[in-house]
Amino acid sequence: MAEEQTSNVILGIIGGSGLYHLDQLTFVKEVNPTTPWGAPSSPITISSLPTGEQIAFIARHGTHHTHQPTTVPFAANIAALKHLGVKAILAFSAVGSLREEIRPGDFIIPNQIIDRTKGVRQASFFDGTSMVAHATFGDPFSKVFSAFLAPRVKEVLKEATGDTVQLHTDKTVVCMEGPLFSTRAESHMYRAWGGDIINMSVLPEAKLAREAEISYALIATATDYDAWREGEEPVTVAEVIKTLHTNAETSRKVASAVISALHAAVLSKEITSDVEGGMKYSIVTQPPHQKQEDREKLSYILPYFD
Ligand SMILES: CSC[C@H]1O[C@H](OP(=O)(O)O)[C@H](O)[C@@H]1O
Ligand SMILES: Nc1ncnc2[nH]cnc12
């Protein structure tokens with residue numbers, strides 16, 4: 001197993017559709033680790049901030065968008081980031097809006113998820129091992145991280161766009177399987193269920209981050225109104241792409257404006273306090289019944305198996 005330990009990389013960024021790189025950072029190196037869960041979506045870029053601290057960036061669908069939402073190697077991505085030393089992940093995602101007031105171009109920091117994936121993605125690091133673990137997931141995003149993020153993102157959006165781009169918080173994201181978009185009936189049903197936005201990729205990413213004891217927050221960027229609006233055409237990729245590039249530009253501005261503060265908040269543990277140590281008492285299988293090979297595999301991401 002290739003060792004790519006860079007322990008001072010404590011903050012990771014995951015870029016979604018349209019966000020394949022960050023800017024205003026100094027390139028340090030690219031790493032391409034092989035994890036016990038396989039290879040990540042793309043090489044991980046390590047960059048440094050003006051203050052010298054390093055951060056990691058990975059493009060969720062690969063640098064050239066070659067991974068479908070269903071087959072993104074989520075476990076490898078999260079494992080690789082954790083093994084580098086990452087304690088907090090800021091993820092970006094392009095989403096459809098299920099609410100009139102969330103307009104294409106708007107930013108959203110959600111606090112809940114409805115799982116509409118179809119059980120075909122590996123959702124736990126413990127799958128296929130001799131161990132059973134049940135992590136707490138009632139609040140799927142780190143509350144302290146999201147609360148830290150919201151006022152800062154709001155301020156950057158105001159500076160960068162005036163009042164054009166609104167930030168919405170405490171919203172529910174529906175994660176569907178895809179890759180086809182929803183039917184109109186599904187889109188109406190998600191609204192009736194309380195869904196506010198929809199994507200295809202926050203799961204199992206958020207679950208795996210939780211199991212790896214990584215504090216995880218999402219900045220979602222709306223690209224379309226999905227399929228629920230009567231008298232309007234349902235979403236197409238062409239429509240998504242129209243907004244995607246502007247959203248990615250704004251996301252880069254947001255990322256570069258908040259990264260330093262986030263890095264400091266990871267260092268001080270301000271935004272990692274609600275997940276750190278969370279798996280210690282989540283593993284039900286007792287050590288005498290844990291296979292050695294599984295302990296070694298899990299030791300790649302968690303400290304309890306040395
Ligand atoms: C390009 S539209 C559908 C695609 O966009 C979102 O990707 P990401 O979350 O990585 O930004 C959505 O989840 C779908 O994968
Ligand atoms: N309408 C939509 N449904 C699912 N994922 C999306 N990503 C962007 N728009 C989307």
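Residues numbered from 1 in each chain as written. Chains lettered and ligands numbered in written order. Predicted model: local features only at pLDDT ≥ 70, side-chain atom pairs only at ≥ 80, totals over all residues. Heavy atoms only, no water.

Named according to an unreviewed UniProt entry, the protein is S-methyl-5'-thioadenosine phosphorylase originating from Serendipita vermifera MAFF 305830. The heading Pathway (unreviewed entry) in the UniProt record of the protein holds the text "Amino-acid biosynthesis; L-methionine biosynthesis via salvage pathway; S-methyl-5-thio-alpha-D-ribose 1-phosphate from S-methyl-5'-thioadenosine (phosphorylase route): step 1/1." (UniProt positions renumbered as here; feature names shortened; annotations may be inferred.)

Participant: Hey, could you run me through the overall build of the protein in this one?
Facilitator: When helices and strands are tallied, the protein shows 6 helices and 9 strands. For 306 residues, the compact-globule estimate of 2.2 N^0.38 gives 19 Å, and the protein sits close to it at 19 Å. The C-alpha extent of the protein, read off along each of the three principal axes, is 60 × 45 × 30 Å. Counting across all 306 residues of the protein, residues that qualify as buried make up 55%. (Helix = DSSP H or I, 4+ residues; strand = E, 2+ residues; numbered from the N terminus. Rg over C-alpha atoms; globule rule 2.2 N^0.38 Å. Buried < 20%, exposed > 50% of the residue type's maximum accessible area, 1.4 Å probe, protein only.)

Participant: Honestly, the site of ligand 1 in this entry has me stumped. Any pointers?
Facilitator: Residues in contact with ligand 1, as listed here, are Gly 16, Ser 17, Arg 60, His 61, Pro 69, Ser 93, Ala 94, Phe 181, Asn 199, Met 200, Ser 201 and Val 240. Between an oxygen atom of ligand 1 and a side-chain N or O atom of His 61, the distance comes to 2.5 Å. Contact distances for ligand 1 include 2.7 Å between an oxygen atom and a side-chain N or O atom of Ser 93. For ligand 1, whose accessible area on its own is 390 Å², the fraction buried by protein is 90%. Residues belonging to the shell around ligand 1 are distributed by class as follows: 5 nonpolar, 6 polar and 1 charged. (Near = heavy atom within 4 Å. Polar contact = N/O pair within 3.5 Å; in protein donor to acceptor, adjacent residues only side chain to side chain. Areas by Shrake-Rupley, 256 points an atom, 1.4 Å probe, with all protein chains shown as cover. Nonpolar A, V, L, I, M, F, W, Y, C, P; charged D, E, K, R; others polar.)

Participant: What exactly am I supposed to notice about the pattern of salt bridges here?
Facilitator: When the charged atoms of two side chains with opposite charge come close together, those side chains can pair. Per the counting criterion, the structure on display carries 12 salt bridges. For Asp 23, the salt bridge goes to Arg 252, with nearest N and O atoms at 4.0 Å. Here Asp 23, found in the loop between strand S1 (11–15) and strand S2 (26–31), pairs with Arg 252, found in helix H5 (residues 237–267); they are 229 residues apart in sequence, far enough to count as distant. Judged by its relative accessible area of 8%, Arg 252 is buried. Linking Arg 60 and Glu 205 is a salt bridge whose minimum nitrogen-to-oxygen distance equals 2.8 Å. Here the residue Arg 60 occupies a position in the loop between strand S4 (54–59) and helix H1 (74–84), and Glu 205 occupies one in helix H4 (residues 205–211), the gap between them amounting to 145 residues. The same class applies to Arg 60 as to Glu 205, namely buried. (Salt bridge = Lys/Arg side-chain N within 4 Å of Asp/Glu carboxyl O.)

Participant: Honestly, the UniProt feature "binding site: substrate" (unreviewed entry) in the protein in this entry has me stumped. Any pointers?
Facilitator: UniProt records the feature "binding site: substrate" (unreviewed entry) at Met 200, Asp 224, Tyr 225 and Asp 226, using the numbering of this structure. Accessibility expressed as a relative area gives 14% for Met 200, which makes it buried. Dropping the residues within four chain positions of it, Met 200 is found in contact with Pro 69, Arg 121, Cys 175, Met 176, Glu 177, Gly 178, Pro 179, Leu 180 and Phe 181. When you line up the elements, Asp 226 lands in the loop between strand S9 (215–224) and H5. Judged by its relative accessible area of 5%, Asp 226 falls in the buried class. Among all residues touching Asp 226, those that are not within four sequence positions of it are Ser 97, Leu 98, Ser 182, Ser 187, Ile 198, Glu 233, Pro 234 and Val 235. (Contact = heavy atoms within 4.5 Å.)

Participant: Is there a simple way to think about unusual backbone geometry in this case?
Facilitator: Negative phi values dominate among residues other than glycine, just as trans dominates among peptide bonds. In the segment running from Gly 178 into Pro 179, the intervening peptide bond is cis, with an omega of 0°. Mapped onto the elements, Pro 179 comes out in the loop between strand S7 (167–176) and helix H3 (184–192). Leu 203 connects to Pro 204 through a cis peptide bond whose omega is 5°. By the secondary structure assignment, Pro 204 is in the loop between strand S8 (197–199) and H4. In the Ramachandran plot, Asp 226 falls in the positive-phi region, its phi being about 50° despite a non-glycine side chain.

Participant: Just to check I follow, could you spell out the nonpolar core for this structure?
Facilitator: Generally speaking, soluble globular proteins have nonpolar side chains that are buried together. Counting 49 residues, the largest nonpolar core has Phe 125, Phe 126 and Val 202 as the members making the most contacts within it. When contributions to this core are tallied by element, the ones reaching two or more residues are strand S3 (44–48), S4, H1, strand S5 (88–97), strand S6 (107–116), S7, H4 and S9. Sorting elements by how many residues they give to this core places H1 first, with 7 residues. Once residues within four sequence positions are removed from consideration, Phe 125 is found in contact with Trp 37, Ala 75, Ile 78, Ala 79, Leu 208, Glu 211, Ala 212, Leu 298 and Ile 301. Counting 34 residues, the second-largest nonpolar core is a separate cluster that includes Leu 149, Val 156, Ile 259 and Val 266. (Core = buried A, V, L, I, M, F, W, Y, C linked by side-chain atoms within 4.5 Å.)

Participant: It is not clear to me how the environment of Pro 43 should be interpreted in this structure. Could you clarify?
Facilitator: Here Pro 43 shows up in the loop between S2 and S3. Along the backbone, Pro 43 and Phe 57 are 14 residues apart, and their C-alpha atoms lie at a distance of 8.8 Å.

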